[in-house]
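# Structural overview
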Amino acid sequence: MTTDPEEISSNDLMSCERDINQLSDIIEDQYVGFEILLSLSSINLKKGDFQQISNTIKGFEPLNKAMLQLEKKAESLRLQYMLIQQERSTRKINVLTIIQAVFVPMTFIAGVYGMNFVNMPELNWPYAYFLVWFIFVVIAGGLVAYFYRKGWFD
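None of these values were measured; they are calculated from a predicted model.

Conventions used here
Residues numbered from 1 in each chain as written. Predicted model: local features only at pLDDT ≥ 70, side-chain atom pairs only at ≥ 80, totals over all residues. Heavy atoms only, no water. Helix = DSSP H or I, 4+ residues; strand = E, 2+ residues; numbered from the N terminus. Buried < 20%, exposed > 50% of the residue type's maximum accessible area, 1.4 Å probe, protein only. Contact = heavy atoms within 4.5 Å. Areas by Shrake-Rupley, 256 points an atom, 1.4 Å probe, with all protein chains shown as cover. pLDDT = per-residue confidence, 0-100. Phe/Tyr/Trp six-rings, centres within 6.5 Å; stacked < 30°, edge-to-face > 60°. Patch = residues over 30% accessible without salt bridge, like charges linked within 9 Å, V, L, I, M, F, W, Y side chains within 5 Å. Salt bridge = Lys/Arg side-chain N within 4 Å of Asp/Glu carboxyl O. Expected span 1.5 Å × (residues − 1). Arc of directions from axis to C-beta.

### Things to note about the overall build of the protein chain
A tally of regular secondary structure across the protein chain gives three helices and zero strands. In sequence order, the protein chain lays out its α and β elements as α-α-α. Counting only residues that meet the buried cut, the protein chain has 16% of its 154 residues in that class. Looking at the protein chain alone, contacts between residues at least 24 apart form 64% of all its contacts between residues at least 6 apart. Only carbon and sulfur atoms are counted for the fraction: they give 62% of the accessible area of the protein chain, which is about 12200 Å².

Written as structure tokens, this is what we have:
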């Protein structure tokens, strides 16, 4: 995986982890197979063959350890990727929460003035429409400033 970390997908990480696990299984199977071959007493092995199989088995031990380390690293990478994705989702939800918090008071005011009541004296004021818009802007600006000071946009 030599691509840019921003372009790596979850499927790429899962595929890499699956490949490492398969390779580890193959190495472990061969390791076990050579140990069985060595332990069989019914086979007449020459001294050189016996030594060669013993050396091969010894060579599998560090390879097996390396594969276990690769498996751990692949799992760690997958977990880090999932945490990064979770952080991105949290940021998006945070932005949606801010937008919702800004528009709920304005929706309430619009809902109250959207009711068809006869006795609403503000409706007869000459600048009532502009006053309501001014209130909307003040509420929205105040909430955005408040959230910015509290660090919600970081």
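### Quick notes on the confidence of the model for the protein chain
Reading predicted coordinates in detail is not appropriate for stretches of low pLDDT. Scored by pLDDT, the protein chain comes out at a mean of 78, with 88% of its residues at no less than 70. Mean pLDDT in the protein chain bottoms out at helix α1 (residues 10-39), which sits at 76, and peaks at helix α3 (residues 128-149), which reaches 87.

### Here's the deal with the packing of aromatic side chains
This model, assessed by the stated rule, comprises four aromatic pairs. With 5.6 Å between their ring centres and 80 degrees between their planes, W133 and F136 make a pair best called edge-to-face. With W133 and F136 both in helix α3, this residue pair falls three residues apart, about one helical turn. Taken together, the ring pairs connect Y129, F130, W133 and F136 into an aromatic cluster.

### Quick look at the environment of V95
Relative to the elements of secondary structure, V95 occurs in helix α2 (residues 47-113). As for V95 and W152, which are separated by 57 residues in sequence, their C-alpha atoms are 8.3 Å apart.

### Looking at a nonpolar patch on the surface
A surface patch of nonpolar side chains, about 490 Å² in accessible area, is lined by W125, L131, F134, I135 and V138. Positionally, F134 belongs in helix α3.

### Description of the pattern of salt bridges
Scanning all chains against the criterion turns up two salt bridges. R91 is the partner of E87 in a salt bridge, and the nearest nitrogen-oxygen pair spans 3.4 Å. In this pair, E87 and R91 are both assigned in helix α2, four residues apart and thus about one turn of the helix distant. Under the relative-accessibility criterion, E87 is labelled partly exposed at 39%.

### Re α3
One full turn of an α-helix is made of 3.6 residues, so residues set three or four places apart face in the same direction. With 22 residues, α3 should reach 32 Å at 1.5 Å per residue; the first-to-last C-alpha distance of 31 Å fits that figure. Residues A128, V132, F136, A140 and F147 constitute the buried set of α3. Taken down its axis, α3 places every buried residue within 115 degrees of arc, on the same side. Turned more than 90 degrees away from the buried face of α3 sit F130, F134, V137, Y148 and R149, all of them exposed. One or two residues past the end of α3 sits G151, with phi positive at roughly 85 degrees.

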